[in-house]
Every structure is written in structure tokens, then in C-alpha cells.
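Architecture and fold: a report
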Amino acid sequence: MGNWSEPMGGADADGNELTVSFGSGPAEGHTLLGDGDRSMSNFFDSANHDHYGSGNGPHDNGTSRDQYTGLGH
């Protein structure tokens, strides 16, 4: 979708499932994260992920919607 990679599943260092998408182009250096497998939801809807950025722009260093509670939160 636009400047984001296809959401993919993974796990953190403790083995907790998560969903992630990486930015490209104008979103380079930004990451969308959410706990668990979110393949059945519209992951790109703001309510379904936390946004971690480069420290610049409208999202600064992240949003806190409690959608990602793992390491580095």
C-alpha cells in the first residue's frame, strides 16, 4: 500500500507474535508494529498499529495506541 511494505508476521526476542510493515520513499525509516497476527485486519488503519518514525514529521518518534507492547515499546 503506497509507501509501505506488505504487512508480515514475525516474533520478538521473547517469541511473542507481531505484525510489521516497513516504510519506503517518503516513509523511509518508519515502521508500523502491532502485537499478534493481524493478517485478518486492515493493518494500515491507524487504530490497528503503532507508528515508529525517524524523529521527524507528524509522528515524530512514534504513536502510542497500545497496539504494540513488546520490546522497545
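Numbering of residues starts from 1 in each chain and follows the order in which that chain's sequence is written. Note on the predicted model: pLDDT of at least 70 is required for a residue's local features to be given, and 80 or more for side-chain atom pairs to be given and counted; whole-chain, interface and lining totals, by contrast, use all residues. The side-chain quantities take in all heavy atoms of the structure and omit both hydrogens and water.

1. A closer look at the overall build of the protein chain
Secondary structure elements are defined from DSSP: runs of H or I of at least 4 residues count as helices, runs of E of at least 2 residues count as strands, and each element is numbered from the N terminus. Along the backbone of the protein chain there are zero helices and four strands. By residue count, 34% of the 73 residues in the protein chain fall in the buried class. A sequence separation of at least 24 residues applies to 22% of the contacts in the protein chain between residues at least 6 apart. Note on exposure labels: buried denotes an accessible area under 20% of the residue type's maximum, exposed denotes more than 50%, and partly exposed covers the range between, all computed with a 1.4 Å probe on protein chains only. Whether two residues are in contact is decided by their heavy atoms: any pair within 4.5 Å suffices.

2. Side note on the pairing of strand β2 (residues 17–22)
In the sheet, strand β1 (residues 8–11) pairs with β2 via four bridges, with the strands oriented antiparallel. When the sheet's bridge partners are listed, Met8 is paired in β2 with Val20. Any two strands with at least two DSSP bridges between them are considered paired. Hairpin remark: β1 followed by β2, antiparallel, with five residues in the connecting loop; positive phi at Gly15, about 85°. In the sheet, β2 pairs with strand β3 (residues 31–35) via five bridges, with the strands oriented antiparallel. Within the sheet, the bridge partner assigned to Thr19 lies in β3 and is Gly34.

3. Let's talk about the pairing of β3
For β3, the buried fraction is high: four of the five residues fall into the buried class. Sheet topology places β3 next to strand β4 (residues 50–52); three bridges connect them, and they run antiparallel. If you follow Leu32 over to β4, its bridge partner there is His51.

4. What to know about the side chain of His30
Following the sequence through the fold, His30 ends up in the loop between β2 and β3. Identification of polar contacts relies on pairs of N or O atoms within 3.5 Å, with a donor-acceptor requirement for protein atoms, meaning one able to donate a hydrogen and the other able to accept it, and with residues adjacent in sequence counted only if both atoms are side-chain atoms. Reaching out from His30, the side chain makes a polar contact with the side chain of His51 at a distance of 2.8 Å.

5. So, the sheet that holds β4
Strands sit in the order β1-β2-β3-β4 across an open sheet of four strands; the sheet is antiparallel. The sheet is open, and its two borders are formed by β1 and β4, each paired with just one other strand. The average angle at which neighbouring strand axes cross in this sheet is 35°, direction not considered. Note on definitions: angles span 0 to 180 degrees between N-to-C directions of axes, and those axes are lines fitted to C-alpha atoms, for helices only across the stretch in contact.

6. Details of the packing of aromatic side chains
Aromatic pairing here means that ring centres of Phe, Tyr or Trp (its six-membered ring) are within 6.5 Å. Orientation follows from the plane angle: under 30 degrees is stacked, over 60 is edge-to-face, and everything else is tilted. On inspection of all chains with the given rule, the structure shows two aromatic pairs. Their ring planes at 85° and their centres at 6.2 Å tell us that Tyr52 and Tyr68 sit as a pair that is edge-to-face. Here Tyr52 is found in strand β4, whereas its partner Tyr68 is found in the segment after β4, with 16 residues between them in sequence. Here Tyr52 matches Tyr68 in class, with each residue buried.

Read these as layout, nothing more, since geometry by itself doesn't imply function.
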